[in-house]
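# Commentary on secondary and tertiary structure
Chain residues, written in single-letter form:
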Amino acid sequence: MQYFSFEDIINELPQLKAVTQAKSKLLEQAVNKFIEMVLSRLVDAERLQVRVKANFKDLLAGKLDALTIEMFGFLLRPHLRVAEFKFDIGASAVNLQSVRHRQIELLYPAKGSVKMTITQEQLTAFINAESASLCEKQPNEIPLQQVKCELREGGAIAFHFQSVNPEVNYFETYITLPQIEINGRAVILVRQNIEKSEIPAEYVNAIFAQVSNILSFHDIANRGTTFHIQQLNNETNQIIVQANAYVEYFLSN
């Protein structure tokens, strides 16, 4: 089958008279590939998939009934790749003139939803990668920690701390229950209990704050999109955060 780029089809729009299923499918595929190409320049993901839903005439005008963006192995912040980041956007319209300049410009804001999945291994790797800098920022010197995250049934997260200093050998566990703020703007980590209390509270609070920011979408909030968190669940060694989204614009280079 002959392949046409998105620009090829845009250039042919004035000549497209008859609406056929083949043309509609071709244009839809071209839009999918084009958005994937643009987003791949803006984000770091191991795999990226885009699905557009629209009828032929709306596509010719840049109007979309729905847009789904799925990113697997998405680099949310340094040292943290999330298992899945899925963006579902409702009815929207794209400025076709911006397409020629390799940009995605919304003609008006759009509403949608987002689902983010993070495994306990990914959280563990992130915290240990940040551990050295977190220790250095504490007012009192503390031994470097090895931390393991455990996502438990009922939504709790257990943080197991173990000193990597052979002269200071101990193992401590802090348990927290993530909760969504009433306004839905953030996830806060409420400490349930402490099985021991030798580790400085400032260090534990710094880790809690880092995880809270991740689960609250603070890394991407207010960068063209705002979020209202709806649901938070632990499932099979992974935590899933779901939120409503209000998209004003896409970031571009």
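Residues numbered from 1 in each chain as written. Predicted model: local features only at pLDDT ≥ 70, side-chain atom pairs only at ≥ 80, totals over all residues. Heavy atoms only, no water.

### Examining the overall build of the protein chain
Of regular secondary structure, the protein chain possesses 6 helices and 12 strands. Working note: accessible area of the protein chain is about 13,300 Å², and carbon and sulfur atoms make up 48% of it. (Helix = DSSP H or I, 4+ residues; strand = E, 2+ residues; numbered from the N terminus. Areas by Shrake-Rupley, 256 points an atom, 1.4 Å probe, with all protein chains shown as cover.)

### As for the packing of aromatic side chains
The description of two aromatic rings rests on the distance between their centres and on the angle between their planes. Applying the stated criterion to the full structure yields 8 aromatic pairs. Where Phe 74 meets Phe 85, the ring centres are 5.3 Å apart and the plane angle is 65 degrees; that geometry is what we call edge-to-face. With Phe 74 in strand β3 (residues 66-77) and Phe 85 in strand β4 (residues 80-89), this residue pair connects regions lying 11 residues apart in the sequence. Each member of the pair, Phe 74 as well as Phe 85, carries the same accessibility label: buried. Relative to Phe 227, the ring of Phe 87 has its centre 6.4 Å away and its plane inclined at 35 degrees; by these criteria the two rings are tilted. Of this pair, Phe 87 sits in strand β4 while Phe 227 sits in strand β11 (residues 225-234), and the two are 140 residues apart along the sequence. There is no split in this pair, since Phe 87 and Phe 227 are both buried. In this structure an aromatic cluster arises from ring pairing among Phe 74, Phe 85, Phe 87, Phe 217 and Phe 227. Positioned over the ring face of Phe 72 is Arg 47, at 4.1 Å from the centre of the ring. (Phe/Tyr/Trp six-rings, centres within 6.5 Å; stacked < 30°, edge-to-face > 60°. Buried < 20%, exposed > 50% of the residue type's maximum accessible area, 1.4 Å probe, protein only. Lys NZ or Arg CZ within 6 Å of the ring centre and 35° of its normal.)

### Here's the deal with the pattern of salt bridges
Inspection of the entire model under this criterion finds 5 salt bridges. Ionic pairing is found between Glu 36 and Lys 33, a salt bridge with its closest N-O pair at 3.9 Å. Here Lys 33 and Glu 36 lie together in helix α2 (residues 21-42), a separation of 3 residues that amounts to about one turn. Residue Glu 36 is classed as buried on the basis of its relative accessible area, which comes to 16%. Linking Arg 152 and Glu 150 is a salt bridge whose minimum nitrogen-to-oxygen distance equals 3.4 Å. Residue classification places Arg 152 among the partly exposed residues on the basis of a relative accessible area of 27%. With a relative accessible area of 27%, Glu 150 lands in the partly exposed category. (Salt bridge = Lys/Arg side-chain N within 4 Å of Asp/Glu carboxyl O.)

### Some details on the confidence of the model for the protein chain
Here the protein chain averages 80 in pLDDT, while 77% of its residues score no lower than 70. For the protein chain, the element scoring lowest by mean pLDDT is helix α1 (residues 6-12), at 55; strand β6 (residues 110-119) scores highest, at 95. (pLDDT = per-residue confidence, 0-100.)

### Quick look at the nonpolar core
Ranked by internal contacts, the top residues of the largest apolar core, which has 63 residues, are Phe 85, Phe 159 and Phe 217. It is helix α6 (residues 201-215) that provides the largest number of residues to this core, a total of 7 residues. Discounting residues that sit within four places of it in the chain, Phe 159 has contacts with Ile 127, Val 147, Lys 148, Cys 149, Glu 172, Thr 173, Tyr 174, Thr 176, Leu 189, Ile 207, Phe 208 and Val 211. (Core = buried A, V, L, I, M, F, W, Y, C linked by side-chain atoms within 4.5 Å. Contact = heavy atoms within 4.5 Å.)

### Structural notes on the sheet that holds strand β1 (residues 47-53)
Strand pairing in a sheet is mediated by backbone hydrogen bonds. Such pairs are either parallel or antiparallel. Spatial strand order, β1-β3-β4-β6-β12-β11: 6 strands in an open sheet with antiparallel pairing. Each end of this open sheet is capped by a strand with a single partner; those strands are β1 and β11. Across the sheet, the mean angle separating the axes of adjacent strands is 20 degrees when strand polarity is ignored. In terms of strand pairing, β3 meets β4 through 9 bridges, oriented antiparallel. Paired with Ile 69 across the bridge in β4 is Phe 87. (Pairing = 2+ DSSP bridges. Axes fitted to C-alpha atoms, helices over the stretch in contact; angles between N-to-C directions.)

### Considering α6
A rise of 1.5 Å per residue sets the reference length of α6, with its 15 residues, at 21 Å; its end C-alpha atoms lie 21 Å apart and thus fit the reference within 8%. Along α6, the positions that sit buried rather than exposed are Tyr 203, Val 204, Ala 206, Ile 207, Phe 208, Gln 210, Val 211, Ser 212, Ile 214 and Leu 215. (Expected span 1.5 Å × (residues − 1).)

### Quick notes on unusual backbone geometry
Phi angles above zero are rare outside glycine, and His 79 is one such case at about 75 degrees. Inspection of the secondary structure puts His 79 in the loop between β3 and β4. Taking relative accessible area as the criterion, His 79 reaches 47% and is therefore assigned partly exposed. In this structure, Phe 217 is a non-glycine residue whose phi angle is positive, near 65 degrees. Mapped onto the elements, Phe 217 comes out in the loop between α6 and β11. Judged by its relative accessible area of 1%, Phe 217 falls in the buried class.

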